[in-house]
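What the coordinates show
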Amino acid sequence: MTIFEELKRRGLIAQMTNEEKIKEKLENEKVTFYIGFDATADSLHVGHFLQLVTMSRLQKAGHRPIVLLGTGTTLVGDPTGKTDMRKMLTPEQIDYNSECFRRQMERFLDFNEKDGAILARNGDWLCKLNYIQMLREVGVHFSVNRMLTAECFKSRMERGLSFLEFNYMIMQSYDFLKLYQTYGCTMQMGGDDQWSNILGGIDLVRRVEGEEVCGMTYTLLTTKEGKKMGKTEKGAVWLDAEKTSPYEFFQYWRNVDDGDVINCLKLLTFLPIEEIEAMESWQGSELNRAKEILAYEVTRMVHGQQAADESLKAAQAIFSAGTDAENMPTTVLSQEDLAGGAISVADLLVKTKLAPSKGEAKRLIQQGGISVDDEKVSDIGAQVPAQAFDKGHVILRKGKKVYHKAQLQ
């Protein structure tokens, strides 16, 4: 299987400028490509993780990545997906954040001097540009009418788009031209929300150099409902262990929705795709095993083997302690309770006296405070099928510490 076929099979590719050309390049050439990272915080987060894993896949396949740290573009701020203008950072803050990024990226990419990944900073050229020079050499190639139709600007037109942010597409496009001229970079990659900016760079290289370069976007890391992943009640899920501990990081992935676990395994891990596809038929407790595999793999990649082992051990110890038959309150259900082949989670909470009424049970479920066999329940109409009792019992958890065993007579 070629790297292009693997990217397609894993569902990583969202859009391409020329599928046949990109397929041919990736299968027959050593492609130099880049992804940009604006240094808006002092740590990378889960969204960046997908980008780094994708870059690593391509590097392992023989291609050469350029990590472009946005020491120049971060001074302006990308309006894409933002409802308000991004907070303005000082050059000193941006340089510090960029250095934090660099240290974290070394875990995923090989930066050896001979032919490894290239680390570039766009402030090295953007901050030196003369304004009139920029207008004459770059601005002349951009149509304002066309720019205003781009998705990255559309969402901001009603709320207000500053002239500062309006320049972002031009700056990012110039990055592609500069990287093409300096390193022979012929492909830009990024999240699917970067499509308009990528097209701008491709068009600029064509107009200035007369060369056809490529663009490819990858699938954004979202839930099956289309919401971006990587957020918790505490905020973003960071790759820095001081901001999100390895155990919290592990638990985030351990608790993903059933419908998202296979997709996350395909996008974020290096497990063989055949092995992941075999998990697509898994159900019930098997899905919990898939989540555990996902959590372990991504924690190992981000925080190392020891942290992954310790997080797994801690998670299992906590659950095992709660499921100790000698220490756990138990309710015995009759066959009549599951006469229809299942019992609702709400009824089960009332039966076990974890909730005084069905209404209170539904409120607990809506608030995300109930788990069945270590799997969070979010649907107030959720059912526990009779098959779930094949192992002898199911374990209910209310909040973080209240466990209760329900056995079937």
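So, here is what we can say about the structure in this document. Bear in mind that the values here come from a model prediction, so they are computed numbers and not experimental data. (Residues numbered from 1 in each chain as written. Predicted model: local features only at pLDDT ≥ 70, side-chain atom pairs only at ≥ 80, totals over all residues. Heavy atoms only, no water.)

Looking only at helices and strands, one finds 18 helices and 15 strands in the protein. Once the C-alpha set of the protein is aligned to its principal axes, its extents read approximately 80 × 45 × 35 Å. Looking at the 409 residues of the protein, the share that counts as buried comes to 49%. Accessible surface, the protein: about 19,900 Å² in total, of which carbon and sulfur atoms supply 48%. A gap of 3 Å separates the mean positions of the 51 positive and 58 negative side-chain charges of the protein. (Helix = DSSP H or I, 4+ residues; strand = E, 2+ residues; numbered from the N terminus. Buried < 20%, exposed > 50% of the residue type's maximum accessible area, 1.4 Å probe, protein only. Areas by Shrake-Rupley, 256 points an atom, 1.4 Å probe, with all protein chains shown as cover. Lys, Arg positive; Asp, Glu negative; His and termini not counted. Charge placed at Lys NZ, Arg CZ, Asp CG, Glu CD.)

Grouped together as the largest cluster of nonpolar side chains are 65 residues, with contacts concentrated most on Phe-37, Trp-253 and Leu-265. When near neighbours in sequence (up to four residues on either side) are disregarded, Trp-253 contacts Val-46, Leu-221, Met-229, Cys-264, Leu-268, Lys-291, Leu-294, Ala-295 and Val-298. Listed in part, the 29 residues of the second largest apolar core include Tyr-34, Met-169, Met-171 and Val-205. (Core = buried A, V, L, I, M, F, W, Y, C linked by side-chain atoms within 4.5 Å. Contact = heavy atoms within 4.5 Å.)

Before going further, it helps to examine the sheet that holds strand β12 (residues 375-376). Here we have five strands laid out as an open sheet, ordered β9-β15-β14-β11-β12, and mixed in their pairing. The two strands at the open ends of the sheet, each matched to only one other strand, are β9 (330-333) and β12. The pairing of strand β14 (residues 393-398) with strand β15 (residues 402-408) spans six bridges and is classified as antiparallel. Looking at β15, one finds that Val-394 is bridged to Ala-406. (Pairing = 2+ DSSP bridges.)

Moving on: the packing of helix α10 (residues 168-183) against helix α11 (residues 195-209). Interhelical geometry of α10 versus α11 gives an angle of 50 degrees and a closest axis separation of 8 Å. Comparing their axes, α11 and α10 come out oblique. Crossing handedness for the pair α10 and α11: right-handed. Residues Tyr-168, Met-169, Gln-172, Ser-173, Tyr-174, Phe-176, Leu-177, Tyr-180 and Gln-181 of α10 form the contact with α11, whose participating residues are Ser-196, Asn-197, Ile-198, Gly-200, Gly-201, Ile-202, Leu-204, Val-205, Val-208 and Glu-209. Of the residues belonging to the contact of α10 with α11, the class tally is eleven nonpolar, seven polar and one charged. (Axes fitted to C-alpha atoms, helices over the stretch in contact; angles between N-to-C directions. Parallel < 35°, antiparallel > 145°, perpendicular 65-115°, else oblique. Left-handed = near helix turned anticlockwise from the far one by under 90°. Nonpolar A, V, L, I, M, F, W, Y, C, P; charged D, E, K, R; others polar.)

This part covers the environment of Arg-103. Here Arg-103 lies in helix α4 (residues 91-105). Arg-103 sits in the partly exposed class, given a relative accessible area of 47%. Note: C-alpha distance between Arg-103 and Val-138 (35 residues apart in sequence) is 33 Å.

What follows deals with the pattern of salt bridges. Note that side chains of opposite charge can pair when their charged atoms are close. If you walk through the whole model with that rule in mind, you get 25 salt bridges. Residue Arg-57 pairs with Glu-6 through a salt bridge whose shortest N-O separation is 4.0 Å. Of the two residues, Arg-57 is situated in helix α3 (residues 46-60) and Glu-6 in helix α1 (residues 3-9); the sequence distance between them amounts to 51 residues. For Glu-274, the salt bridge identified is with Arg-9, shortest N-O distance 3.9 Å. Of this pair, Glu-274 sits in helix α14 (residues 273-278) while Arg-9 sits in helix α1; the two residues are 265 residues apart in sequence, bridging distant segments of the chain. (Salt bridge = Lys/Arg side-chain N within 4 Å of Asp/Glu carboxyl O.)

The subject of this paragraph is the pairing of β15. Note that β9 and β15 share four bridges and pair parallel. Bridging from a neighbouring strand, Thr-330 pairs with Lys-405 of β15.

Positive phi, normally seen in glycine, also occurs at Lys-353, with a value near 65 degrees. Position of Lys-353 among the secondary structure elements: in the loop between α17 (345-351) and α18 (358-366).

Bringing the sheet that holds strand β6 (residues 214-218) into the picture now. On the basis of which strands lie adjacent, the open sheet formed by six strands has the order β1-β6-β5-β2-β3-β4 and mixed pairing. The strands lining the two open edges of the sheet, one partner per strand, are β1 (13-16) and β4 (118-121). On average, adjacent strands in this sheet sit at an angle of 25 degrees to one another, irrespective of strand direction. Direction of pairing for strand β5 (residues 187-191) relative to β6: parallel, over a ladder of five bridges. Among the inter-strand pairings, Met-189 is bridged to a residue of β6, identified as Met-216. With respect to the sheet, α3 is in contact with β2 (32-37), β3 (64-69), β5 and β6, its orientation differing from that of β2 by roughly 165 degrees. Packed on one face of the sheet, α4 meets β2, β3 and β4 and runs near 155 degrees to β3.

Its 16 residues give α10 an end-to-end C-alpha distance of 22 Å, which sits within 8% of 22 Å, the value for a rise of 1.5 Å per residue. Those residues of α10 not exposed but buried are Tyr-168, Met-169, Ile-170, Met-171, Gln-172, Ser-173, Tyr-174, Asp-175, Phe-176, Leu-177, Leu-179 and Tyr-180. Phi for Gly-184, located one or two positions after α10, is positive at around 70 degrees. (Expected span 1.5 Å × (residues − 1).)

For the rest of this paragraph, the subject is the pairing of β4. Along β4, the buried face is formed by Ile-118 and Ala-120; none of Leu-119 and Arg-121, which line the opposite face, is buried. Sheet topology places β3 next to β4; four bridges connect them, and they run parallel. The partner of Val-67 across the bridge, within β4, is Leu-119.

Together, Tyr-131, Ile-132, Leu-135 and Phe-163 line one region of the surface with nonpolar side chains, adding up to about 440 Å² of accessible area. In terms of residue count, the dominant contributor to the nonpolar patch is helix α6 (residues 131-137) (three residues). With respect to the helices and strands, Tyr-131 occurs in helix α6. (Patch = residues over 30% accessible without salt bridge, like charges linked within 9 Å, V, L, I, M, F, W, Y side chains within 5 Å.)

With respect to the helices and strands, the residue Gln-59 is situated in helix α3. Residue Gln-59 is classed as buried on the basis of its relative accessible area of 18%. At 2.9 Å, the side chain of Gln-59 forms a polar contact with the backbone oxygen of Asp-110. The residues contacting Gln-59, other than those within four sequence positions of it, are Pro-65, Leu-109, Asp-110, Gly-116 and Ala-117. (Polar contact = N/O pair within 3.5 Å; in protein donor to acceptor, adjacent residues only side chain to side chain.)

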